[in-house]
Amino acid sequence: MSRSLFTPVTIGNIELKNRIVMAPMTRSRASAAGNVPSELAPEYYAQRASSGLIITEASQVSPQGIGYIRTPGIHTAEQVRGWKRVTDAVHAKGGKIFIQLWHVGRVSHPDFHGGELPVAPSAVAFEGEAYTPQGRKKTVTPRALETREVKAIVKDFENSARLAKEAGFDGVEIHGANGYLPAQFLEDGSNKRTDEYGGSLENRARFLLEITDAAIKVWGPGRVGVRVSPGNKVNGMSDSHPELTYAYVARQLYERPLAYLHVLEPVAGFKASSPEAPRLTPILRELYKGTLIVNAGYTRELGNEAIATGKADLVAFGVPFIANPDLVERFKLGAPLAQPDASTFYAGEEKGYIDYPALDLDVAAQLERAAQLERAARLEQTA
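A quick note: this is a predicted structure, and the numbers were derived from the prediction, not measured.

(A) Spatial organisation of the sheet that holds strand 5 (residues 97-102). Within the closed barrel, the 8 strands sit side by side as 3-4-5-10-11-12-13-14. Their pairing is parallel. Recorded for the sheet is a direction-independent mean angle of 25° between the axes of neighbouring strands. Where strand 5 lies against strand 10 (residues 171-175), 4 bridges are found, and the strand directions are parallel. Opposite Ile-99, over in strand 10, you have Val-172 as the bridge partner. Where helix 6 (residues 206-219) meets the sheet, it contacts strand 10 and strand 11 (224-228), and its direction lies at approximately 175° from that of strand 10.

Here it is in structure tokens:
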């Protein structure tokens, strides 16, 4: 039988009702003091619990890992209590939810750290801006981590993985994408180290693999995912041989009992590569034989095609979920999608966060009837 976005699937030992994933999206609604998930977060995530899997907004594993205003963490008891309200709300709606573990590395600013420099594998700057409590500021040259400090950050990831279990999550995702600390270690444009975490590809991949192993140590098989964004230039990233770098990572990750590999490589939209440019996702699909989630630029049609042809096992949707809490139902009915207000992506409280309405029930009923008639017509044609 042909698979689609709506076909159930099992990842690890978790049964999902469909293959539609809510992608991790920073929304900047956490408390300014303490970085605790918003009081509105339980409703926000529960509204979207019809997805097969929710992956939360990125959540820092320590104060050192912060780089954006009002982003939540998962390293204090108060944060655990805040996230527990979220997981309870999602589970009450029959949903499954992973938390994304995050350290931004050099994508930060001294304003977040009492004047201290942000940290990175190497003291390599990039042209960019940080969104600090004092407003936009240019990024600075980071401080290179000492080897013992790198090992301490691995422990931070392990601790946050443990706290995520206390908070009631179904698993965790390692944020290895978008130019944050794991990617900074992995790619040679930002990693100029000469110790066990630099130089060779094996050494550069060590940090990402160690934090993945630390999370698996806490959660066991089938409860840890990893997100990567091969070839992504965001936050000043570059690598001499991305196809070799990410092929190595895919092979190494396949040897581990992951829930999934999550690849962010836009297939459409302004961020997509030119059609002539080689895509790395098909290469990773060949090398990583486990569950693959793809993300960025997918529509209902492109998502169904990716799953039906085996290019992916699940598809993650980001921005469409912002304005469409009932995205799964709209996809089922072929209903039009509401358009989000971009000015509220990272600002505001309930506005642009929990106030997007679900599809009108009368409209939904009409669309369902139309869909039934269309299916019946197709069956007649093939009879």
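(B) Up close: the packing of helix 3 (residues 147-166) against helix 6. Closest axis-to-axis distance for the helix 3/helix 6 pair is 9 Å, and the angle between their directions is 30°. Note that helix 3 runs across helix 6; the crossing there is right-handed. Residue-level inspection shows Val-150, Ile-153, Val-154, Phe-157, Glu-158, Ala-161, Arg-162, Ala-164 and Lys-165 of helix 3 in contact with helix 6, the latter providing Phe-207, Glu-210, Ile-211, Ala-214, Ala-215, Lys-217, Val-218 and Trp-219. Here the residues of the contact of helix 3 with helix 6 are counted per class, giving 12 nonpolar, no polar and 5 charged.

(C) Seen up close, helix 2 (residues 77-92). The terminal C-alpha atoms of helix 2 lie 22 Å apart, and with 16 residues this matches the ideal 22 Å at 1.5 Å per residue to within 8%. By the burial criterion, the buried members of helix 2 are Gln-79, Val-80, Gly-82, Trp-83, Val-86, Thr-87 and Val-90. Viewed along the axis of helix 2, the buried residues span an arc of 160°, placing them on a single side of the element. Across helix 2 from its buried face, at more than 90 degrees, point the exposed residues Arg-81 and Ala-92. Of the surrounding elements, those touching the buried residues of helix 2 are helix 1 (41-46), strand 4 (53-60), strand 5 and helix 3.

(D) Just the nonpolar core, in detail. Core analysis: the biggest nonpolar cluster contains 77 residues, and Tyr-45, Leu-101, Ile-174, Phe-207 and Phe-317 have the highest contact counts within it. For this core, the element with the highest residue contribution is helix 6, accounting for 9 residues. Leave out the neighbours within four places in its chain, and Phe-207 touches Val-150, Ile-153, Val-154, Phe-157, Leu-181, Pro-182, Phe-185 and Tyr-197. Counting 14 residues, the second-largest nonpolar core is a separate cluster that includes Val-9, Ile-11, Ala-23 and Phe-98.

(E) Structural detail: the packing of aromatic side chains. Evaluation of the coordinates by the stated rule reveals 14 aromatic pairs. On the numbers, 4.2 Å between centres and 15° between planes, the contact of Tyr-44 with Tyr-353 is stacked. Of this pair, Tyr-44 sits in helix 1 while Tyr-353 is found in the loop between helix 11 (327-333) and helix 12 (361-382), placing the two residues 309 residues apart along the sequence. For Tyr-353, a relative accessible area of 1% puts it in the buried group. Taken together, a centroid distance of 6.2 Å and an interplanar angle of 85° make the contact between Phe-157 and Phe-207 edge-to-face. Taken together, the residues span a long stretch of sequence, with Phe-157 in helix 3 and Phe-207 in helix 6 at a distance of 50 residues. The burial state of Phe-157 is the same as that of Phe-207; both residues are buried.

(F) A look at the environment of Arg-227. Inspection of the secondary structure puts Arg-227 in strand 11. Among the residues examined, Arg-227 registers a relative accessible area of 3% and is labelled buried. Setting aside residues up to four positions removed in sequence, Arg-227 forms contacts with Ala-23, Pro-24, Gln-100, Glu-173, Ile-174, His-175, Gly-176, Ala-177, Asn-178, His-262, Leu-264 and Asn-295. In this structure the side chain of Arg-227 is engaged in a polar contact, spanning 3.5 Å, whose partner is the side chain of His-262.

Thresholds, definitions, all that
Residues numbered from 1 in each chain as written. Predicted model: local features only at pLDDT ≥ 70, side-chain atom pairs only at ≥ 80, totals over all residues. Heavy atoms only, no water. Pairing = 2+ DSSP bridges. Helix = DSSP H or I, 4+ residues; strand = E, 2+ residues; numbered from the N terminus. Axes fitted to C-alpha atoms, helices over the stretch in contact; angles between N-to-C directions. Contact = heavy atoms within 4.5 Å. Left-handed = near helix turned anticlockwise from the far one by under 90°. Nonpolar A, V, L, I, M, F, W, Y, C, P; charged D, E, K, R; others polar. Expected span 1.5 Å × (residues − 1). Buried < 20%, exposed > 50% of the residue type's maximum accessible area, 1.4 Å probe, protein only. Arc of directions from axis to C-beta. Core = buried A, V, L, I, M, F, W, Y, C linked by side-chain atoms within 4.5 Å. Phe/Tyr/Trp six-rings, centres within 6.5 Å; stacked < 30°, edge-to-face > 60°. Polar contact = N/O pair within 3.5 Å; in protein donor to acceptor, adjacent residues only side chain to side chain.

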